[in-house]
Amino acid sequence: LVASIEEVEETYVMVKPDGVQRGLVGDIISRFEKKGFLLKGLKLFQCPKELAEEHYKELKDKSFYPKLIKYITSGPVVCMAWEGIGVVASARKLIGATNPLQADPGTIRGDLAVQTGRNVVHGSDSPDNGHREIDLWFKQDELCEWVPAQEPWLK
Ligand code: RTP
Ligand code: MG
């Protein structure tokens with residue numbers, strides 16, 4: 001009943017190059033699966049500089065922007081589209097504060113990272129940015145609209 005009044009949303013989550021290279025991809029995907037969200041898109045991807053600049057365009061006047069672009073393009077990332085009720089804000093909670101030293105234990109950054117500039121994962125900060133970023137990082141045919149089967153797979 002409570003669920004019926006809340007919005008089904010989509011959000012863009014990305015394991016950054018440090019997360020991929022430290023072998024954290026499985027752990028990170030697992031947290032979103034176990035929470036109960038639905039995976040709609042997933043790929044390993046070497047991000048071109050132009051895409052990184054478009055993704056982070058709101059930060060282009062920040063002093064850390066050049067370093068951020070270098071970081072995100074330094075190796076492959078894992079791109080994910082997740083769907084679910086309240087998934088945008090919930091994903092941000094699962095991810096934790098931008099500075100991993102301020103992120104609560106139990107969050108991805110709180111458990112797995114130390115530095116802001118190496119904070120292993122990204123999550124969209126609003127439903128509008130969720131749509132925008134999924135459009136930006138995925139082609140339409142890389143996304144699946146699907147619902148789990150009603151019948152149990154194990155009997
Ligand atoms: P994200 O977009 O990656 O999910 O992170 P966020 O919302 O928590 O933080 P945001 O302000 O959007 O910043 C994007 C990413 O830029 C890097 N950053 N470095 N002071 C710094 O050196 C600094 N501040 C931000 C981080 O990698 C941050 O996640
Ligand atoms: Mg952000």
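No experiment lies behind these values; they were computed from the predicted model shown.

1. Examining the overall build of the protein chain
Along the protein chain, the regular secondary structure elements total 7 helices and 4 strands. Put simply, the protein chain runs from its N terminus to its C terminus through helices and strands in the order β-α-α-β-α-α-β-α-α-β-α. Here the C-alpha atoms of the protein chain give a radius of gyration of 16 Å, agreeing with the 15 Å that 2.2 N^0.38 yields for 155 residues. Its C-alpha atoms give the protein chain principal-axis dimensions of about 50 × 35 × 30 Å. Taken across its 155 residues, the protein chain has 43% of its residues classed as buried. Considering only residue pairs separated by 6 or more positions, the protein chain has 78% of its internal contacts joining residues 24 or more positions apart. When the accessible surface of the protein chain is totalled, it reaches about 9300 Å², and 55% of it is carbon and sulfur. Each charge class in the protein chain can be summarised by its mean position, and for the 20 positive and 23 negative side chains these summaries are 8 Å apart.

2. Regarding the confidence of the model for the protein chain
Here the protein chain averages 96 in pLDDT, while 97% of its residues score no lower than 70. Predicted complex metrics record ipTM = 0.96 and pTM = 0.96.

3. What about the nonpolar core?
One finds I28, F32, M80, W82 and I108 to be the most contacted residues of the largest nonpolar core, which totals 19 residues. Elements with a minimum of two residues in this core: β1 (8-15), α2 (25-35), β3 (77-85), α5 (87-95) and α6 (108-112). For this core, the leading source of residues is α5, giving 4 residues. Once you skip the residues sitting within four places of it in the chain, I28 turns out to touch V15, M80, I108, L112, V120 and V121. Counting 18 residues, the second largest nonpolar core, distinct from the first, contains M14, C47, L68 and W137.

4. Focus on the site of ligand 1
Lining the immediate surroundings of ligand 1 are K16, Y56, L59, F64, L68, R92, T98, R109, T116, N119, H122 and G123. K16 is positioned such that a nitrogen or oxygen atom in its side chain is 2.8 Å from an oxygen atom of ligand 1. Here an oxygen atom of ligand 1 sits 2.7 Å away from a polar atom, N or O, in the side chain of R92. When isolated, ligand 1 has an accessible area of 560 Å², and the protein chains bury 75% of it. In this structure, ligand 1 is accommodated by the largest pocket. In terms of residue class, the shell around ligand 1 is built from 4 nonpolar, 5 polar and 3 charged.

5. Let's talk about the packing of α2 against α5
Contact geometry for α2 and α5: axes closest at 11 Å, N-to-C directions at 135 degrees. Accordingly, the angle class assigned to the pair α2 and α5 is oblique. In the crossing of α2 with α5, the sense of the turn from one axis to the other is right-handed. When α2 is examined against α5, the residues R31, F32 and K35 are found in contact with a partner set consisting of S90, A91, L94 and I95. Split into classes, the residues belonging to the contact of α2 with α5 amount to 4 nonpolar, 1 polar and 2 charged.

6. Concerning the sheet that holds β1
The strands making up a sheet are joined through hydrogen bonds of the backbone, oriented either antiparallel or parallel. Strand order in the open sheet formed by 4 strands is β2-β3-β1-β4, with antiparallel pairing between adjacent strands. Both edges of this open sheet fall to β2 (38-45) and β4 (121-123), since each of them pairs with a single strand only. Averaged over all pairs of adjacent strands, the angle between strand axes in this sheet comes to 15 degrees, irrespective of strand direction. Two elements, β2 and β3, share 7 bridges in a ladder whose sense is antiparallel. Directly across from K43, in β3, lies its bridge partner C79. Relative to the sheet, α5 contacts β1, β3 and β4, its axis offset from that of β1 by approximately 35 degrees. Strands in contact with helix α7 (residues 127-137) are β1, β2, β3 and β4; relative to β1, the strand with the most contacts, it is inclined by about 55 degrees.

Reading the values: rules and limits
Residues numbered from 1 in each chain as written. Chains lettered and ligands numbered in written order. Predicted model: local features only at pLDDT ≥ 70, side-chain atom pairs only at ≥ 80, totals over all residues. Heavy atoms only, no water. Helix = DSSP H or I, 4+ residues; strand = E, 2+ residues; numbered from the N terminus. Rg over C-alpha atoms; globule rule 2.2 N^0.38 Å. Buried < 20%, exposed > 50% of the residue type's maximum accessible area, 1.4 Å probe, protein only. Contact = heavy atoms within 4.5 Å. Areas by Shrake-Rupley, 256 points an atom, 1.4 Å probe, with all protein chains shown as cover. Lys, Arg positive; Asp, Glu negative; His and termini not counted. Charge placed at Lys NZ, Arg CZ, Asp CG, Glu CD. pLDDT = per-residue confidence, 0-100. Core = buried A, V, L, I, M, F, W, Y, C linked by side-chain atoms within 4.5 Å. Near = heavy atom within 4 Å. Polar contact = N/O pair within 3.5 Å; in protein donor to acceptor, adjacent residues only side chain to side chain. 1 Å grid on protein atoms, 1.4 Å probe; cavity = no way out; pocket = protein on both sides within 12 Å on 5 of 7 lines; lining within 4 Å. Sits in = over half its atoms within 2 Å of the grid points. Nonpolar A, V, L, I, M, F, W, Y, C, P; charged D, E, K, R; others polar. Axes fitted to C-alpha atoms, helices over the stretch in contact; angles between N-to-C directions. Parallel < 35°, antiparallel > 145°, perpendicular 65-115°, else oblique. Left-handed = near helix turned anticlockwise from the far one by under 90°. Pairing = 2+ DSSP bridges.

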